[in-house]
Amino acid sequence: MSSDWLLKGRSDEDYSTDETTSFEESEPPGQTIDSISRSLQRFDWPDYVVFVLMLLICIVIGIFFGYKDHQKHKHRRKQARRESEALDYLVGGRKMQIFPVSVSLVASWISGISLLGTSTEIYVYGTQYCYIVFAVIMMGFVMHHVFLPVFHELQITSAYEYLQRRFDHRMRLFGSILFTVACLLWMPIVIYVPALAFNQVTGMSIHIVTPIVCMICVFYTSIGGLKAVVWTDVIQSGVTLLALLAVLIKGTYDVGGPAEVVQRNIAGGRLEAPIFDPDPTLRHSIWIILLGAPVWFCYGVSCSQDMIQRFLALPTLQDARKALKGFVIGWIVVNVIFFLIGMLVYATYYRCDPLTTQLARAKDQLLPLFVMETFAAYPGMTGVFVAGIFSAALSSLSSALNALSAITLEDFFKPYCKKPLTEKQINYIMRGSVLVYGALSVLLSILVEHLGTVMQLTMTLSSASGAPLFGLFVMGILMPWVNGTGALYGGVTGLLVMLYMCYKAQYSIASGSRSFDTKPVSVEDCPYDYGRNATMGLIEDDAELEQLEKSIYHMSYMYFTLFGTSVTCLTGTVVSLLTKLCGSDRDQPIDPKLLAPCIRRIQPRDIPLTFQSVPTDNKQAEASEAALKRTEDG
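Residues numbered from 1 in each chain as written. Predicted model: local features only at pLDDT ≥ 70, side-chain atom pairs only at ≥ 80, totals over all residues. Heavy atoms only, no water.

1. Comments concerning the overall build of the chain
Inference 1: Secondary structure assignment for the chain yields 26 helices and 0 strands.
Inference 2: A total of 634 residues make up the chain; the buried ones form 58% of that total.
Inference 3: The long-range fraction of contacts in the chain, counting pairs at least 24 apart against all pairs at least 6 apart in sequence, stands at 84%. (Helix = DSSP H or I, 4+ residues; strand = E, 2+ residues; numbered from the N terminus. Buried < 20%, exposed > 50% of the residue type's maximum accessible area, 1.4 Å probe, protein only. Contact = heavy atoms within 4.5 Å.)

Right, here's the structure in full:
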């Protein structure tokens with residue numbers, strides 16, 4: 001490989017001195033990893049302009065929707081104003097449009113972690129992960145027919161209000177706490193990862209950029225509510241997509257075209273056919289992707305308040321289903337771009353791996369390093385990419401903050417207030433909770449920097465709450481024989497089992513007893529000094545690690561949600577049957593709206609169904625019956 005990968009994008013003036021000698025002829029004195037890294041930190045004023053402009057647009061959108069809603073509610077009666085203002089803030093008045101909601105769903109799911117991590121996955125482990133698009137399609141089918149009809153017909157604001165209607169108030173509080181803890185563990189990492197990339201391209205401390213960006217996100221989220229979150233997601237998604245396409249097109253051109261990218265990936269063993277090995281301890285296989293990944297996606301879409309909140313912001317079930325189709329298509333398009341960029345990064349570094357040479361000191365720095373080299377001679381383009389990373393992070397962060405605001409009001413305050421909350425109290429709770437959660441995220445992001453490998457443990461533990469939470473909704477919507485006591489014991493058991501499983505899995509990786517086979521890399525054509533002896537010694541040490549006897553916690557991480565959900569549902573079923581056999585719990589009438597349409601049709605006769613579990617007047621009952629009939633017919 002030629003040394004063009006290191007020289008590309010640098011102006012003629014950079015080589016007007018003795019450095020014009022090519023690396024292939026002789027190695028310039030002082031050309032080390034540190035000097036190369038410093039030379040690539042070029043974030044000039046056009047880059048700052050692009051980055052700041054993106055933040056200003058977010059602020060303007062938040063002020064616009066905040067002012068618009070304020071004028072809308074200004075002259076309404078006090079009671080109506082209090083109810084409609086909360087509705088507008090949390091679910092956009094249930095009058096949002098399909099396109100911005102679809103884009104916002106994609107933006108909420110794809111964070112800076114996804115943007116940097118997916119391409120790294122392809123570079124390090126190959127293209128087996130690409131088959132996950134089939135899992136997303138399967139998730140869309142399940143959401144379309146099982147979960148969306150239930151949530152949209154109930155017209156709830158908090159997804160966890162469902163758990164109270166189906167079981168009892170204990171389950172609502174349990175589900176809300178699980179989601180809140182998961183968000184608090186996840187949001188600091190969402191902030192930290194793009195801040196790390198920003199630090200790499202500018203040298204600016206993450207302690208400066210993280211609070212500034214996070215506070216801007218808190219501002220427009222607290223002022224504008226869901227409408228501001230959705231429309232900033234649209235703008236931010238446009239910036240992210242522009243950055244990705246620019247990287248893909250320019251990088252492919254520099255390498256020599258798409259054919260050259262494909263050829264190098266084939267030669268490096270990156271392009272792979274589906275692996276049909278049923279071994280559950282593999283990192284990825286077609287069975288793992290088709291069995292484990294759809295359950296993980298269903299949890300992320302059906303049980304996360306930030307996702308459900310967007311579906312409920314649409315006026316009809318048909319609109320929600322169209323938005324779901326838009327989300328699936330948009331997710332696939334964006335991730336195909338991620339896959340192609342991962343192949344492109346390998347095609348660029350296939351003869352000089354920057355991870356081995358430590359030019360990129362962490363895997364997540366591969367893509368920022370590639371962008372800095374690709375756009376070194378194009379002022380503003382690095383700024384577009386960094387703005388894209390932060391846009392992806394801000395969209396996920398703002399969605400989580402708005403969701404936590406809804407949970408705080410609907411699940412932590414309203415059920416426990418003896419008197420209806422006043423207009424001022426509702427405003428303080430909704431906007432104050434955004435501020436508190438945002439400040440906590442900033443503080444925890446500072447801790448993440450010092451925790452090192454614990455950051456990965458935190459990500460694992462945050463996902464551990466997903467399996468029991470998804471199990472609660474599966475028991476409620478698909479298993480009418482499970483009662484509140486069974487659901488509680490099932491959820492607690494699932495949580496404890498998954499915490500132990502995730503801890504053991506993470507410990508086995510940290511201790512070296514669990515490792516994954518990475519694709520081969522080469523450093524035979526590196527045009528700079530990287531300390532070959534020390535690096536090669538590390539490689540030899542890694543090669544000597546022996547794989548110990550496999551245990552259940554060595555299963556693929558994609559199976560964890562499926563395993564935890566199965567434990568939760570099995571425990572819930574057993575406890576429910578025992579309580580009924582012992583006579584300590586009687587069959588409670590179940591509102592058909594709380595069950596999936598397919599379960600309503602095959603509901604056993606010995607388990608009563610009635611609309612009386614949720615008190616309604618005659619008109620509401622007639623409307624519910626008519627809506628139920630339309631849903632079943634559809």
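Next comes the rest of the description.
2. Re the side chain of Thr-579
Inference 1: Position of Thr-579 among the secondary structure elements: in helix H24 (residues 560–581).
Inference 2: Among the polar contacts listed, one links the side chain of Thr-579 to the backbone oxygen of Ser-576, at a separation of 2.7 Å. (Polar contact = N/O pair within 3.5 Å; in protein donor to acceptor, adjacent residues only side chain to side chain.)

3. A word on the pattern of salt bridges
Inference 1: Applying the stated criterion across every chain, the model contains 10 salt bridges.
Inference 2: Measuring nitrogen to oxygen at the nearest pair gives 2.6 Å for the salt bridge that ties Asp-411 to Arg-172. Residue Asp-411 is found in helix H18 (residues 381–413), and its partner Arg-172 is found in helix H9 (residues 169–202); the two are separated by 239 residues along the sequence. In this pair, the class of Asp-411 matches that of Arg-172, namely buried.
Inference 3: For Asp-254, the salt bridge is made with Lys-250, and the minimal N-O distance between the two is 2.7 Å. With Asp-254 and Lys-250 both in helix H10 (residues 206–255), this residue pair falls 4 residues apart, about one helical turn.
Inference 4: Classification of Asp-254 as partly exposed rests on a relative accessible area of 28%. (Salt bridge = Lys/Arg side-chain N within 4 Å of Asp/Glu carboxyl O.)

4. Quick notes on the packing of aromatic side chains
Inference 1: All told, the structure shown has 17 aromatic pairs when counted by the stated rule.
Inference 2: Considering the side-chain rings of Trp-109 and Phe-297, the 5.4 Å spacing of their centres and the 20° angle between planes classify their relative orientation as stacked. Of this pair, Trp-109 sits in helix H5 (residues 98–109) while Phe-297 sits in helix H13 (residues 293–302), and the two are 188 residues apart along the sequence. Summarising the burial analysis for this pair, Trp-109 and Phe-297 share the class buried.
Inference 3: Geometrically, the ring pair formed by Tyr-123 and Tyr-346 is edge-to-face, given 5.9 Å between the ring centres and 65° between the ring planes. You can see Tyr-123 sitting in helix H6 (residues 112–125) and its partner Tyr-346 sitting in helix H15 (residues 317–349), a full 223 residues away along the chain. Here Tyr-123 matches Tyr-346 in class, with each residue buried.
Inference 4: What links up through ring pairs into an aromatic cluster is the set Trp-109, Trp-296, Phe-297, Phe-327 and Trp-331.
Inference 5: In this arrangement the basic side chain of Arg-351 is found over the ring face of Tyr-350, its NZ or CZ atom lying 5.8 Å from the centre. (Phe/Tyr/Trp six-rings, centres within 6.5 Å; stacked < 30°, edge-to-face > 60°. Lys NZ or Arg CZ within 6 Å of the ring centre and 35° of its normal.)

5. A closer look at H13
Inference 1: Taking burial as the measure, the 10 residues of H13 include 9 buried ones, the bulk of the element.
Inference 2: Of all the positions in H13, only Ala-293, Pro-294, Val-295, Phe-297, Cys-298, Tyr-299, Gly-300, Val-301 and Ser-302 are classed as buried.

6. Some remarks on unusual backbone geometry
Inference 1: Backbone geometry at Gln-155 places phi at a positive 55°, although glycine is not the residue there.
Inference 2: Among the residues examined, Gln-155 registers a relative accessible area of 33% and is labelled partly exposed.

7. Let's talk about the confidence of the model for the chain
Inference 1: This prediction gives the chain a mean pLDDT of 77; 76% of its residues lie at or above 70.
Inference 2: Segment residues 77–83 is flagged for pLDDT under 50; beyond a separation of four residues in sequence, or across chains, it makes 10 contacts in the model.
Inference 3: Segment residues 606–625 is flagged for pLDDT under 50; beyond a separation of four residues in sequence, or across chains, it makes 29 contacts in the model. (pLDDT = per-residue confidence, 0-100.)

8. Observations regarding the nonpolar core
Inference 1: Judged by nonpolar contacts, the single largest core of 163 residues is most densely connected at Tyr-162, Phe-311 and Phe-327.
Inference 2: Examining the composition of this core, we find that 18 residues originate from one element, H15, more than from any other.
Inference 3: Not counting residues within four places of it along the chain, the set of residues in contact with Phe-311 comprises Leu-105, Met-143, Leu-148, His-152, Val-301, Ala-320, Ala-323 and Leu-324.
Inference 4: Judged by nonpolar contacts, the second largest core, of 5 residues, contains Leu-409, Leu-421, Ile-426 and Met-430. (Core = buried A, V, L, I, M, F, W, Y, C linked by side-chain atoms within 4.5 Å.)

9. A closer look at the environment of Phe-560
Inference 1: Among the structural elements, Phe-560 can be located in helix H24.
Inference 2: In this structure the C-alpha to C-alpha distance between Phe-560 and Val-295, which are 265 residues apart in sequence, comes to 9.4 Å.
Inference 3: Not counting chain neighbours up to four residues away, the residues in contact with Phe-560 comprise Ala-467, Met-498, Met-501, Cys-502, Ala-505, Tyr-553 and Met-555.

10. Focus: the packing of H6 against helix H17 (residues 366–374)
Inference 1: The N-to-C vectors of H6 and H17 enclose an angle of 95°; their axes lie 8 Å apart at closest approach. Judged by the inter-axis angle, H6 sits roughly perpendicular to H17. Every residue of H17 that contacts H6 at Leu-115, Leu-116, Ser-119, Thr-120 and Tyr-123 is listed here: Leu-366, Leu-367 and Pro-368. (Axes fitted to C-alpha atoms, helices over the stretch in contact; angles between N-to-C directions. Parallel < 35°, antiparallel > 145°, perpendicular 65-115°, else oblique.)

11. Quick look at H17
Inference 1: The buried fraction of H17 is high, at 9 of 9 residues.
Inference 2: Listing the buried residues of H17 in full gives Leu-366, Leu-367, Pro-368, Leu-369, Phe-370, Val-371, Met-372, Glu-373 and Thr-374.

12. As for a nonpolar patch on the surface
Inference 1: Together, Val-436, Leu-440, Leu-443, Leu-444, Ile-446 and Leu-447 line one region of the surface with nonpolar side chains, adding up to about 480 Å² of accessible area.
Inference 2: Its location among the elements puts Leu-447 in helix H19 (residues 423–451).
Inference 3: For Leu-447, a relative accessible area of 46% puts it in the partly exposed group. (Patch = residues over 30% accessible without salt bridge, like charges linked within 9 Å, V, L, I, M, F, W, Y side chains within 5 Å. Areas by Shrake-Rupley, 256 points an atom, 1.4 Å probe, with all protein chains shown as cover.)

13. Remarks on the environment of Lys-414
Inference 1: Following the sequence through the fold, Lys-414 ends up in the loop between H18 and H19.
Inference 2: On the basis of relative accessibility, which here comes to 37%, the residue Lys-414 falls in the partly exposed class.
Inference 3: Separated by 12 residues in sequence, Lys-414 and Ile-426 have C-alpha atoms that sit 9.6 Å apart.

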